[in-house]
Amino acid sequence: VPGYLSTSQNLKFEDVPAGCFASLEAVPTAGWLQIMILTCMQEAGTGFASKPQDPDGEAGDIALDSWVRYDDPEVKTFKLNAERQNGRAAMMGITGCLVHELLGVDALYPTGGLGGAAPPTIF
């Protein structure tokens, strides 16, 4: 049913709060289990967009054949380093958002939102 996160609990996507911690608490436990099972299946190579590890392949190469693989070692090293750096930047960004939320400041609009109000005092 479109628009529903959980039909059995009558929970719509619009009912989930915007904050990170509040939204984590709003999703039912069964929903988080479903997300974790799918993630584990994908990581193990048993999911719908992955294949089992080939003994002759490189470690962790479980993507389908439609994915680009780089034969040139320099290009491959550059792409892997770029991916690693992007992952680190994303982790720092989400950590900053979580810290802002824990301090009571909106991470997206730390100056008080689109209305331009002053941010809340935290101390």
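Predicted model only: the values in this text are computed from it and were never measured. Every chain is numbered on its own, with residues counted from 1 as its sequence reads. This being a predicted model, a pLDDT of at least 70 is required before a residue's local features are given, and a value of 80 or more before pairs of side-chain atoms are given or counted; all residues contribute to the totals for chains, interfaces and linings. Note: side-chain values were computed over all heavy atoms of the structure, leaving out hydrogens and water.

**Student:** Let's hear about the overall build of the protein chain: which residues, and what values?
**Tutor:** For the purposes of this entry, the term helix denotes a DSSP run of H or I that reaches at least four residues, the term strand denotes a run of E that reaches at least two, and both are numbered from the N terminus. Tallying secondary structure elements over the protein chain gives 3 helices and 2 strands in all. Written out in order from the N terminus, the α and β elements of the protein chain read β-β-α-α-α. Burial classes follow relative accessibility: with a 1.4 Å probe on protein chains only, a residue under 20% of its type's maximum area counts as buried, one over 50% as exposed, and anything between as partly exposed. Scored against the burial criterion, the 123 residues of the protein chain give a buried share of 11%. Contacts between residues were defined by any pair of non-hydrogen atoms, one from each residue, lying within 4.5 Å. If you take every contact in the protein chain between residues at least 6 apart in sequence, the share linking residues at least 24 apart comes to 10%. Accessible area for the protein chain stands at about 9,900 Å²; split by element, carbon and sulfur atoms hold 63% of it. For the area figures, the Shrake-Rupley method with a 1.4 Å probe applies, and any residue is considered shielded solely by the protein chains shown.

**Student:** Provide a residue-level description of the side chain of Ser23, including the pertinent values.
**Tutor:** As for its position among the elements, Ser23 is in helix H1 (residues 20–26). Excluding anything up to four places from it in sequence, Ser23 contacts Val16 and Pro17.

**Student:** Provide a residue-level description of a nonpolar patch on the surface, including the pertinent values.
**Tutor:** For patch building, the residue pool is restricted to those with more than 30% relative accessible area and no salt bridge; the joining distance is 9 Å between like charges and 5 Å between nonpolar side chains (Val, Leu, Ile, Met, Phe, Trp, Tyr). Every case where a carboxyl oxygen of Asp or Glu lies within 4 Å of a side-chain nitrogen of Lys or Arg is listed as a salt bridge. Together, Phe21, Leu24, Trp32, Ile35, Met36 and Leu102 make up a nonpolar patch on the protein surface, roughly 560 Å² of accessible area in all. Counting residues per element, the ones that place at least two in the nonpolar patch are H1 and helix H2 (29–44). Sort the elements by how many residues they give to the nonpolar patch and H2 lands first, with 3 residues. Summarising the element assignment, Leu24 is placed in helix H1.

**Student:** So what's going on with the confidence of the model for the protein chain? Residues and values would help.
**Tutor:** Low pLDDT means the predicted atomic positions in that stretch should not be read closely. pLDDT is a residue-level measure of predictor confidence that goes from 0 to 100. Scored by pLDDT, the protein chain has a mean of 81; 85% of the residues are at 70 or more. Between the elements of the protein chain, mean pLDDT differs from a low of 84, seen in H1, to a high of 91, seen in helix H3 (residues 73–102).

**Student:** Mind laying out H3, listing which residues take part and the relevant values?
**Tutor:** It helps to recall that an α-helix has 3.6 residues per turn; residues three or four apart then point in one direction. The end-to-end C-alpha distance of H3, which contains 30 residues, comes to 43 Å, matching closely the 44 Å that a straight helix rising 1.5 Å per residue would cover. Count one or two residues on from H3 and you reach Gly104, which has phi positive near 90°. An expected span of 1.5 Å times one less than the residue number is assigned to each helix.

**Student:** Any chance you could break down the side chain of Ser6 for me, citing the residues and the numbers?
**Tutor:** Structurally, the position occupied by Ser6 is in strand S1 (residues 4–6). Given a relative accessible area of 11%, Ser6 falls into the buried group. Two N or O atoms form a polar contact when they lie within 3.5 Å of each other; inside protein one atom must be a possible hydrogen donor and the other a possible acceptor, and for residues adjacent in sequence the pair counts only when both atoms belong to side chains. From its side chain, Ser6 meets the backbone nitrogen of Gln9 in a polar contact 3.3 Å long.

**Student:** Before we move on, can you summarise the environment of Tyr70 with the specific residues and values?
**Tutor:** Within the element layout of this structure, Tyr70 appears in the loop between H2 and H3. Owing to a relative accessible area of 36%, Tyr70 belongs among the partly exposed residues under this scheme. If near-sequence neighbours (up to four positions away) are discounted, Tyr70 is found in contact with Val75, Lys76 and Lys79.

**Student:** Give me the lowdown on unusual backbone geometry, citing residues and values where you can.
**Tutor:** We note that Asn10 has phi near 50°; this positive angle belongs to a residue other than glycine. Counting through the fold element by element, Asn10 comes out in the loop between S1 and strand S2 (11–12). Taking relative accessible area as the criterion, Asn10 reaches 51% and is therefore assigned exposed.

**Student:** Lay out H2 in plain terms, naming residues and giving numbers.
**Tutor:** Taking 1.5 Å of rise per residue, the 16 residues of H2 would be expected to cover 22 Å, and the 22 Å separating its terminal C-alpha atoms lies within 8% of that figure. Where H2 terminates, the next one or two residues include Gly45, which has phi positive at roughly 85°.

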